[in-house]
Amino acid sequence: MSLPKFGASTDLFKTALEGMKELQGYGFDFFEILVQEPFGTPGKLMKEQKEIIEFVKENNLFLLGHPPHWGEIASMHEGIRKAWVNEYKESIEISQKLGIKKLVVHPHTKKYPKGESFEEEMRENNIQSLTEINDYGKDHGVTIVLENVPRKESVFGFGDFKHLADNVDGLKVLIDIGHAHIYYGMDNVFKYLKAFMPKIDHLHFHDNYGEEDDHLPIGACSIDYKSVVEFLKKKKYDKTITFEIFTKDKDYASISMQKIKGMWGVK
Ligand SMILES: [Zn+2]
Ligand SMILES: [Zn+2]
């Protein structure tokens, strides 16, 4: 049976090392560390480089990375756009040094007060920046995965996300199940999974009621993960899944993994 690898994301308010230590011993295959402020900027991660590499080796783990989700890679201010592309390039360089194999990027989806998103210009700028970031990743042995974000269809929803994924050569996709569930429910979750299956290289699992991006434990709210797992089993999904559970007590990330493993039929 083809099985995915299961991991957990580290705490935003801890260093990568502290974040990994509090998730140690639960049986995760990997950790998704935050490559972002306040504690995980490339400069700060460099200082922990030796300890991080040792910890990962000793615990038989591997790493994924999540840079800022607010990167303004589609900014119409060219200097800002370039600065953010450079920031992601720096994240790719630190990833190569730490042995991080996959790095998450969010599309830039700015909303204006009345809901306008100036989609055409933002689409073009996103495509240009993502192409630069993806090519840089390829050159450094780091896979870039583009994450879907919870947006109304009128402001950078499914259609625009698909446009980006289709127009950046070789770009892989990360489907965040919780994000896909917001506003449009389970139909939208399967719309994303079906549309992107061949490109999916990573998944984020967490629960919500379809209204807010709660990042709660699996089973706490209304996402039908049984049907998600059934779908993924049929497709023989064997890539990575991160439990992005934002609870103070880390047991909930482990409980979430046990629930999903149970649905998968593994211990
Ligand atoms: Zn994200
Ligand atoms: Zn996510």
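Above this note sits the structure.
Quick notes on the rules
Residues numbered from 1 in each chain as written. Chains lettered and ligands numbered in written order. Predicted model: local features only at pLDDT ≥ 70, side-chain atom pairs only at ≥ 80, totals over all residues. Helix = DSSP H or I, 4+ residues; strand = E, 2+ residues; numbered from the N terminus. Rg over C-alpha atoms; globule rule 2.2 N^0.38 Å. Buried ≥ 20, exposed ≤ 12 C-beta atoms within 10 Å, placed from the backbone. Contact = placed C-beta atoms within 7 Å. Core = buried A, V, L, I, M, F, W, Y, C linked by C-beta atoms within 7 Å. Axes fitted to C-alpha atoms, helices over the stretch in contact; angles between N-to-C directions. Left-handed = near helix turned anticlockwise from the far one by under 90°. Parallel < 35°, antiparallel > 145°, perpendicular 65-115°, else oblique. Nonpolar A, V, L, I, M, F, W, Y, C, P; charged D, E, K, R; others polar. Pairing = 2+ DSSP bridges.

Asks: Give me the lowdown on the overall build of the protein, citing residues and values where you can.
Replies: Across its full length, the protein carries 10 helices and 8 strands. What you see for the protein is a C-alpha radius of gyration of 18 Å, in line with the 18 Å of a compact globule of 267 residues. When its C-alpha atoms are laid out on the principal axes, the protein stretches across 50 × 45 × 30 Å. Counting only residues that meet the buried cut, the protein has 41% of its 267 residues in that class. Pairs at least 24 residues apart make up 74% of the contacts formed inside the protein by residues separated by at least 6 positions.

Asks: Tell me about the nonpolar core, residues and numbers included.
Replies: Within the largest apolar cluster, 62 residues are counted, with the highest numbers of intra-cluster contacts made by Phe31, Leu63, Val105, Leu130, Leu146, Ile175 and Ile177. Other than its neighbours up to four places away in sequence, Leu146 contacts Val105, Pro107, Leu130, Leu164, Ala165, Leu171, Val173 and Leu174.

Asks: Let's hear about the packing of helix α5 (residues 119–139) against helix α6 (residues 158–167): which residues, and what values?
Replies: Two numbers describe how α5 lies on α6: the axes approach to 10 Å, and their chain directions differ by 35 degrees. Like other packed secondary-structure pairs, α5 and α6 cross with a definite hand, here right-handed. Each of Glu119, Arg123, Asn126, Ile127 and Leu130 in α5 lies in contact with α6, whose residues at this interface are Asp160, His163, Leu164 and Asn167.

Asks: Let's hear about the packing of helix α4 (residues 78–98) against α5: which residues, and what values?
Replies: Packing of α4 against α5 leaves a shortest axis separation of 10 Å and a crossing angle of 25 degrees. Of the possible angle classes, the one that applies to α4 and α5 is roughly parallel. Crossing angle aside, the handedness with which α4 passes α5 is right-handed. Along the contact surface, α4 presents Arg81, Val85, Tyr88, Lys89 and Ile92, while α5 presents Asn125, Ser129, Glu132, Ile133, Tyr136 and Gly137. Residue classes in the contact of α4 with α5 are distributed as 5 nonpolar, 3 polar and 3 charged.

Asks: Can you tell me about the sheet that holds strand β2 (residues 30–34), naming the residues and giving the values?
Replies: Spatial strand order, β1-β2-β3-β4-β5-β6-β7-β8: 8 strands in a closed barrel with parallel pairing. Averaged over all pairs of adjacent strands, the angle between strand axes in this sheet comes to 30 degrees, irrespective of strand direction. Lying on the sheet, helix α10 (residues 251–264) is in contact with β1 (5–9), β7 (200–205) and β8 (240–243); it crosses β8 at an angle near 140 degrees.

Asks: Just give me the short version of unusual backbone geometry, but keep the residues and values in it.
Replies: Excluding glycine, residues mostly have negative phi values, and the peptide bonds linking residues are mostly trans. In this model, Glu37 is joined to Pro38 through a cis peptide bond whose omega is 5 degrees. Residue placement: Pro38 occurs in the loop between β2 and α2 (42–47). In this structure, Tyr183 is a non-glycine residue whose phi angle is positive, near 75 degrees. Mapped onto the elements, Tyr183 comes out in the loop between α7 (177–181) and α8 (185–196). Given 14 C-beta atoms within 10 Å, Tyr183 falls into the partly exposed group.

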